[in-house]
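Structural characterization, general
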Amino acid sequence: MTNNSGGGQPVSMENARAVAEICKKHGIRFILDACRIAENAWFIKHREAGFENTTYREIAQQMFALADGSIMSAKKDALVNMGGFLALRDLDLAVQCRTVLIVTEGFSTYGGLSGRDMEAIAIGLEEVFEPDYLNYRIKSTAYLADKLYALGVPIMRPAGGHAVCRCRAFYPNIPLDQYPGQVMACELYRLGGIRCCEIGSVMFGKYGADGKLIPAKMDLVRLAIPRRVYTQSHLDYVAEAFGELTKHRDKKSGYKIVYEPPFLRHFTARFEAV
Ligand SMILES: Cc1ncc(COP(=O)(O)O)c(C=O)c1O
């Protein structure tokens, strides 16, 4: 949470409770991916009935209370540049994981991180729940989303923790097996130096028995906005770059994949323009 492949949309407490119940019933551990737990708490407080007077931190605590454990990529809601952790209620399992940690990353007191990074994580986890920080964060994402919408760029609405464009509608002339999402990602970089990420048929597409692409359900492009980095004028610049993209969209063609590894191809695939 929030839902990374679905436009940064939040997970409600009601949804999390229902999942926890199903897991409990079937004896399955419920592990939260908590990397955007504070952003998720903002949405719960402002959208889900019954949480108006609960603090962001308390909402996160209620979520954690439902789970058997949690993984955290700290470069998101711990507001740092690197690191992460795994937290577990089951001590026996934790001991097994610590043993693997020692042989793979480092001793359990630092897990491959430097002391400075661990201190920064501890501070980031406090600061991320400050209302002023969270308001600025969520509202600047919504600000960019509103600007893109006003430009006629099809996006997922309401904006989640990130702004995300729906590219099938942006490039209706590009067939799905020529990866319209990838076209947007490349064009944004070419025109504006803006790096973003296709979350569509490059990432989730599969091949059928006939070797033809079975496209993903959605072809999105994710504009993941770094925390505490950009000002309003940076986001205005991103919107301007989209304005340029809009001018040329009818003339664009797609891409084909010329190299892909057996798994997780979106990280290292290579493309050629069709
Ligand atoms: C929901 C979610 N979980 C985990 C990760 C992986 O994080 P890391 O790069 O720190 O391994 C990401 C990265 O984008 C993410 O969005």
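Residues numbered from 1 in each chain as written. Predicted model: local features only at pLDDT ≥ 70, side-chain atom pairs only at ≥ 80, totals over all residues. Heavy atoms only, no water.

Check the secondary structure of the protein and you find eleven helices and ten strands. Principal axes of the C-alpha set define a box for the protein whose edges measure 55 × 45 × 40 Å. Sorting the 274 residues of the protein into buried and exposed places 42% on the buried side. For the protein, contacts bridging at least 24 residues in sequence account for 63% of all contacts bridging at least 6. Carbon and sulfur atoms make up 55% of the accessible area of the protein, which amounts to about 15200 Å² in all. Where the 34 positive side-chain charges of the protein centre and where its 30 negative ones centre are 4 Å apart. (Helix = DSSP H or I, 4+ residues; strand = E, 2+ residues; numbered from the N terminus. Buried < 20%, exposed > 50% of the residue type's maximum accessible area, 1.4 Å probe, protein only. Contact = heavy atoms within 4.5 Å. Areas by Shrake-Rupley, 256 points an atom, 1.4 Å probe, with all protein chains shown as cover. Lys, Arg positive; Asp, Glu negative; His and termini not counted. Charge placed at Lys NZ, Arg CZ, Asp CG, Glu CD.)

As a further point, take the packing of aromatic side chains. Taken as a whole and assessed by the stated rule, the structure comprises four aromatic pairs. Ring plane angle 85 degrees and centroid distance 5.5 Å describe the contact between W42 and F43, whose orientation is recorded as edge-to-face. Through pairs of rings, three or more aromatic residues link up here, namely Y179, Y255 and F271. The side chain of R157 reaches across the aromatic face of Y149, ending 3.6 Å from its centre. Over the aromatic face of Y259 sits the side chain of R270, whose NZ or CZ is 4.8 Å from the ring centroid. (Phe/Tyr/Trp six-rings, centres within 6.5 Å; stacked < 30°, edge-to-face > 60°. Lys NZ or Arg CZ within 6 Å of the ring centre and 35° of its normal.)

This part covers the site of the ligand. Residues in close proximity to the ligand include N4, D33, C35, R36, S73, K75, K76 and R222, which together make up its full environment. N4 is positioned such that a nitrogen or oxygen atom in its side chain is 2.9 Å from an oxygen atom of the ligand. Within the side chain of S73, a nitrogen or oxygen atom sits 2.5 Å from an oxygen atom of the ligand. (Near = heavy atom within 4 Å. Polar contact = N/O pair within 3.5 Å; in protein donor to acceptor, adjacent residues only side chain to side chain.)

On to the pattern of salt bridges, then. Applying the stated rule across the entire model yields 15 salt bridges. Across the pair R227 and E39 runs a salt bridge, and its minimum N-O distance is 3.0 Å. Highlighted residues: R227 in the loop between β8 (220-223) and α10 (232-248) and E39 in helix α2 (residues 37-47), separated in sequence by 188 residues. Residue classification places R227 among the buried residues on the basis of a relative accessible area of 15%. A relative accessible area of 1% places E39 in the buried class. For the salt bridge of K147 with D236, the shortest nitrogen-to-oxygen distance reads 3.0 Å. Linking K147 in helix α6 (residues 131-150) with D236 in helix α10, this pair joins segments that are 89 residues apart in sequence. Take D236: its relative accessible area is 21%, and that puts it in the partly exposed class. (Salt bridge = Lys/Arg side-chain N within 4 Å of Asp/Glu carboxyl O.)

Moving on, we get to the nonpolar core. In terms of nonpolar packing, the biggest core is built from 33 residues, with I37, M63 and F129 touching the most fellow members. Residue assignment for this core shows that the elements contributing at least two residues are α1 (13-26), α2, α3 (56-66) and α6. If we ignore the near neighbours within four places in the chain, the residues touching I37 are M1, A60, M63, F64, D77 and F129. Counting 26 residues, the second-largest nonpolar core is a separate cluster that includes L144, V183, V221 and Y255. (Core = buried A, V, L, I, M, F, W, Y, C linked by side-chain atoms within 4.5 Å.)

In the segment running from M1 into T2, the intervening peptide bond is cis, with an omega of -5 degrees. Note on placement: T2 falls in the segment before α1. Here the bond from R157 into P158 is cis, since omega is -5 degrees, no more than 30 degrees from zero. The phi torsion at L79 lies on the positive side, around 60 degrees, for a residue other than glycine. Within the secondary structure, L79 is located in the loop between β2 (69-73) and β3 (84-88). For L79, a relative accessible area of 18% corresponds to the buried category.

This part takes up the domain arrangement of the protein. Its domain assignment divides the protein into domain 1 (4-127) and domain 2 (140-273). The C-alpha centroid of domain 2 is placed 28 Å from the C-alpha centroid of domain 1. Of the residues lining the interface, 15 residues belong to domain 1; the matching set on domain 2 comes to 14 residues. Both sides together, the interface formed by domain 1 and domain 2 hides about 1200 Å², and carbon and sulfur atoms give 49% of it. Summed over the three residues of domain 1 that lose the most area to domain 2, namely S5, G7 and Q9, the buried surface amounts to 33% of that side. In this assembly, domain 1 and domain 2 are joined by three salt bridges. With a shortest N-O distance of 2.9 Å, R228 and E127 are connected by a salt bridge. (Domains from an automatic or database assignment. Buried area = accessible area lost by both parts, 1.4 Å probe.)

Turning to the sheet that holds strand β5 (residues 197-199), a few remarks are in order. Within the open sheet, the three strands sit side by side as β4-β8-β5. Their pairing is antiparallel. In the strand order of this sheet, the two ends are held by β4 (163-166) and β5, each with one partner. If you compare each strand with its neighbour and ignore which way they point, the axes differ by 30 degrees on average. As paired strands, β4 and β8 are joined by four bridges and run antiparallel to one another. For C165, the partnering residue across the bridge sits in β8 and is V221. Of the strands in this sheet, β4, β5 and β8 are in contact with helix α8 (residues 180-192), which crosses β8 at around 35 degrees. (Pairing = 2+ DSSP bridges. Axes fitted to C-alpha atoms, helices over the stretch in contact; angles between N-to-C directions.)

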